[in-house]
Amino acid sequence: MITIMKESSGPMLAVQATGKLSGDDYTEVWIPALREAIEKHNKCSCLLYMDENFEGWELKAMWEDASFGFAHRNDFDKLAVVGGPDWVEWGTKVAGKFMQGEVKTYPAEELVEALNWVTE
């Protein structure tokens, strides 16, 4: 499940991921919120926080994430990825090579630092 975090404001969208993310999480919550932020502000900054109950992605969710991210790779100023399994850091660094904006990963205990960075 993806929920929009209360820290979201203006061009910065922060979401919390818990459990196993589905394609519907992307098509009904995450992607519409990203589209709205991009349409209103031309670019956006994002934070994805994978909490202690995060279990990964269903295949459709991975596809939605990759296809939207690639199509909008020039529409992000910053992307902070917080928490998650060890391989997420590697995957985020690879994905960051295809994005125009800055990308950083943080351990879960540095959520506040990540929020500060993505809103600078």
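See the structure above.
Attention in this report is confined to the structure presented alongside it.

Rules behind the numbers
Residues numbered from 1 in each chain as written. Predicted model: local features only at pLDDT ≥ 70, side-chain atom pairs only at ≥ 80, totals over all residues. Heavy atoms only, no water. Helix = DSSP H or I, 4+ residues; strand = E, 2+ residues; numbered from the N terminus. Contact = heavy atoms within 4.5 Å. Salt bridge = Lys/Arg side-chain N within 4 Å of Asp/Glu carboxyl O. Buried < 20%, exposed > 50% of the residue type's maximum accessible area, 1.4 Å probe, protein only. Core = buried A, V, L, I, M, F, W, Y, C linked by side-chain atoms within 4.5 Å. Phe/Tyr/Trp six-rings, centres within 6.5 Å; stacked < 30°, edge-to-face > 60°. Lys NZ or Arg CZ within 6 Å of the ring centre and 35° of its normal.

Before going further, it helps to examine the side chain of serine 45. Here serine 45 shows up in strand β3 (residues 44–57). Not counting residues within four places of it along the chain, the set of residues in contact with serine 45 comprises Pro11, Met12, Leu13, Asp77, Lys78 and Val118.

On to the pattern of salt bridges, then. Under the counting rule described, the total for this entry stands at four salt bridges. Of the charged contacts, one joins lysine 6 and glutamate 7 as a salt bridge, the two residues approaching to 3.2 Å between their closest N and O atoms. Where lysine 93 meets glutamate 89, a salt bridge forms, and the shortest distance between an N and an O atom there is 3.3 Å. Separated by four residues within a single helix, lysine 93 and glutamate 89 lie in helix α3 (residues 86–96), roughly one turn from each other. Overall, the relative accessible area of 39% leaves glutamate 89 in the partly exposed class.

A word on the nonpolar core. A general tendency of soluble globular proteins is for nonpolar side chains to be buried together. Counting 25 residues, the largest nonpolar core has Leu21, Tyr26, Trp30, Leu34, Met50, Trp57 and Phe76 as its most contacted members. Of all elements in the fold, only β2 (12–21), α1 (23–41), β3, α2 (59–71) and β4 (76–83) reach the threshold of two or more residues within this core. Of all the elements, α1 adds the most residues to this core, at seven residues. Apart from residues lying up to four places away in sequence, tryptophan 30 is in contact with Ile2, Leu13, Val15, Asp25, Cys46, Leu47 and Asp65. Judged by nonpolar contacts, the second largest core, of 13 residues, contains Ala14, Tyr49, Tyr106 and Ala114.

With that settled, the discussion passes to the packing of aromatic side chains. Tallying each qualifying case throughout the model produces two aromatic pairs. Geometrically, the ring pair formed by phenylalanine 54 and tryptophan 57 is edge-to-face, given 4.9 Å between the ring centres and 75 degrees between the ring planes. Overall, phenylalanine 54 belongs to the buried group, its relative accessible area being 12%. On the basis of relative accessible area, tryptophan 57 is assigned to the buried category, the value being 15%. Centre to centre, the rings of tyrosine 106 and tryptophan 117 are 6.4 Å apart; their planes meet at 50 degrees, and the pair counts as tilted. A residue pair is termed long-range when its members are at least 10 positions apart, and tyrosine 106 in strand β5 (residues 102–106) and tryptophan 117 in helix α4 (residues 111–119) qualify at 11 residues. Here the guanidinium or amino end of arginine 73 rests over the ring plane of phenylalanine 70, the centre of that ring lying 4.2 Å away. Positioned above the aromatic ring of tryptophan 117, the side-chain terminus of lysine 78 is 4.8 Å from the ring centre.

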